[in-house]
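# Results of the structural survey
One letter stands for each residue in the lines below.
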Amino acid sequence: MAISLQTKDVRLPIAQAHAEDFAQFCLTRMGVAGHNLNILFINDEEMTWFNKNYRDKVGPTNVLSFPFSEGADAFIENLPVHELGDIVISVDTAIREAIEYGQAPEYRLNWLIIHGILHLMGYDHERGEKDARKMEDKEQEFLHSYVRRRKMTHLAINVDHVATIRQARGINSPDPVAAAAICEMAGASGIVTHLREDRRHIQDRDALLIRETIKTKLNFEMGANKEIIKFALNLMPDLVTLVPEKRAELTTEGGLDVAGQMKKLGKTVEKFAAKDIPVAFFIDPTSEQLHAARDIGATFVELHTGRYCDATTEAERHHELQLIIAAAQEASELGLRVNAGNGLDYHNAAPIAAIDAIEELSIGHSIIGRAVFSGLDQAVRDMLHIVQQASK
Ligand code: PXP
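Residues numbered from 1 in each chain as written. Predicted model: local features only at pLDDT ≥ 70, side-chain atom pairs only at ≥ 80, totals over all residues. Heavy atoms only, no water.

## Things to note about the site of the ligand
- Around the ligand lies a shell of 15 residues, among which Thr252, Glu302, Gly343, Gly364 and His365 are the nearest.
- Measuring from an oxygen atom of the ligand, one finds a side-chain N or O atom of Glu221 at 3.0 Å.
- Within the complex, 94% of the 390 Å² of free accessible area of the ligand lies under protein.
- Tallied by class, residues from the shell around the ligand come to 3 nonpolar, 10 polar and 2 charged. (Near = heavy atom within 4 Å. Polar contact = N/O pair within 3.5 Å; in protein donor to acceptor, adjacent residues only side chain to side chain. Areas by Shrake-Rupley, 256 points an atom, 1.4 Å probe, with all protein chains shown as cover. Nonpolar A, V, L, I, M, F, W, Y, C, P; charged D, E, K, R; others polar.)

Spelled out as structure tokens, the structure:
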């Protein structure tokens, strides 16, 4: 393992896998992917000790780098093992700084990781203004190219609608578990299911079997209620998307009011963070909801595209699209990752897929509906083609 991440007496506000992915991305781009790197996440108390003992400074700092070997020695080609060294990061300080600078915890931690790595590679902002600028430019380059790397928009397919048909008959087919497998074979990069409190479509057994059998990622949509939270913590999906849930609605009607229930939703995010499960909030594209989502530790937001899809005039559709574009951009500046969905079909998905900051579309009804006529495999491939063409 080239990168070793450890936490000591502290809990990371993001999934450890995301920090590791970013560190790996940096090493690969710098051409030192095979070098060993240790990252230790600690609290302020321990950082105070490090700062005193290694730099004779009082109080904690955000990041310290300990190169394995000074300067070029670290890159001598014929050594059997290539060591970059150690980076120590105070998570307490990172979170404090994220709040102070209005950044998402993931963005702040990534900044500290790249800052630490650049020090290991010989960059040093303390050498003077020119060096400081050079280091800062490199940091920005890595942070931005990491976001851009995610650019080819992914397609995740919501298979609830297959379960809806099955439940109408009360028998065991068509099976959403089989549908998930076909979607993956046709190129989907994720499967979405929404286990509703009233179990109107997806059943517990569906979610469990889909989790067990899919090879891509499971995005588990849910309302923030006690019973479903318990189920999800046991299910261990790759992402939890929190949505508002009303018994009488036909589909999720509006976005979640995160700003109006920060305390309750913050506690829910904490429960999932403790198990390293990232959380997305399904929200309307407004600045207020984005800030609220960022403030309580969301990793993703899923922007509600319903109003854009339901628009009845071109002017209205254009207006709704602009709101989504602006929200996606703002989310990304706040350090949030962005998905989008609800109501997207073969005619309206392309402009959403083309938005730079959007990583993944979550689409269900239109694909399952088309599958009735074309078969599920073809229906997925047709949508994938649209999404990929638009996001090239
Ligand atoms: N995203 C969320 C949060 C949803 O609730 C739904 C509907 O289940 C979708 C995406 C998919 O919407 P549609 O079925 O209209 O494509």
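## Section: the state of the cysteines
- Going through the model one piece at a time under the given rule, you end up with 0 disulfides.
- The thiol of Cys183 is not disulfide-bonded; the next cysteine sulfur, from Cys309, is found 19 Å away.
- For Cys183, a relative accessible area of 0% gives the class buried. (Disulfide = S-S within 2.5 Å. Buried < 20%, exposed > 50% of the residue type's maximum accessible area, 1.4 Å probe, protein only.)

## Things to note about the pattern of salt bridges
- Counted by the stated rule, this structure contains 22 salt bridges.
- Glu97 is the salt-bridge partner of Arg108, the closest N and O atoms lying 3.0 Å from each other. Here Arg108, found in helix H4 (residues 105-120), pairs with Glu97, found in helix H3 (residues 91-101); they are 11 residues apart in sequence, far enough to count as distant. Across the pair, exposure class does not vary: Arg108 and Glu97 are buried alike.
- As a salt-bridge pair, Asp131 and Arg127 come within 2.9 Å of each other at their nearest N and O atoms.
- Judged by relative accessible area, which is 52%, Arg127 ranks as exposed.
- Within this structure, Arg166, Asp175, Arg205 and Asp206 form a network of salt bridges that share partners. (Salt bridge = Lys/Arg side-chain N within 4 Å of Asp/Glu carboxyl O. Helix = DSSP H or I, 4+ residues; strand = E, 2+ residues; numbered from the N terminus.)

## Description of the sheet that holds strand S1 (residues 3-7)
- One open sheet holds the 4 strands; their spatial order is S1-S2-S4-S3, and the pairing between them is mixed. In this open sheet, the two strands that pair with only one neighbour each are S1 and strand S3 (63-67). In this sheet, neighbouring strand axes are inclined to one another by 15 degrees on average, regardless of whether the strands run parallel or antiparallel.
- Here S1 runs beside strand S2 (residues 36-42); their pairing, made up of 5 bridges, is parallel. Residue Thr7 lies in a different strand from S2, and its bridge partner there is Phe41.
- Contacts from H4 reach S2, S3 and strand S4 (83-90), with the element oriented near 145 degrees to S4. (Pairing = 2+ DSSP bridges. Axes fitted to C-alpha atoms, helices over the stretch in contact; angles between N-to-C directions. Contact = heavy atoms within 4.5 Å.)

## Focus on the packing of helix H11 (residues 287-295) against helix H13 (residues 314-333)
- The interhelical angle for the contact between H11 and H13, taken along N-to-C directions, is 25 degrees, at an axis separation of 10 Å. As judged from the angle between their axes, H11 and H13 are roughly parallel. Read as a crossing pair, H11 and H13 show a hand that is right-handed. Two secondary-structure elements touch here, H11 through Ser287, Leu290 and His291 and H13 through Ala327, Glu330 and Ala331.
- Each residue belonging to the contact of H11 with H13 can be placed in one class, and the counts come to 3 nonpolar, 2 polar and 1 charged. (Parallel < 35°, antiparallel > 145°, perpendicular 65-115°, else oblique. Left-handed = near helix turned anticlockwise from the far one by under 90°.)

## Side note on the domain arrangement of the protein chain
- On domain assignment, one finds that the protein chain holds domain 1 (3-149) and domain 2 (153-390).
- Counting each side, the surface lost to burial between domain 1 and domain 2 is near 980 Å², with a carbon and sulfur contribution of 52%.
- Here domain 1 is connected to domain 2 by 3 residue pairs in polar contact (both at pLDDT 80 or more).
- Partitioned by chemical class, the residues of the side of domain 1 that touches domain 2 number 6 nonpolar, 4 polar and 2 charged. (Domains from an automatic or database assignment. Buried area = accessible area lost by both parts, 1.4 Å probe.)

## Some points on the side chain of Asp44
- Positionally, Asp44 belongs in helix H2 (residues 44-55).
- Polar contacts involving the side chain of Asp44 include one to the side chain of Ser90, which spans 2.6 Å.

## Considering the sheet that holds strand S6 (residues 190-194)
- Spatially, S5-S6-S7-S8-S9-S10-S11-S12 is the arrangement adopted by the 8 strands of the closed barrel, whose pairing is parallel. Here the strands of the sheet are splayed against their neighbours by 25 degrees on average, with no regard to which way each runs.
- For strand S5 (residues 154-158) and strand S12 (residues 358-363), the ladder comprises 4 bridges, and the chain directions are parallel. Note on S12: the bridge partner recorded for Ala156 is Ser362.

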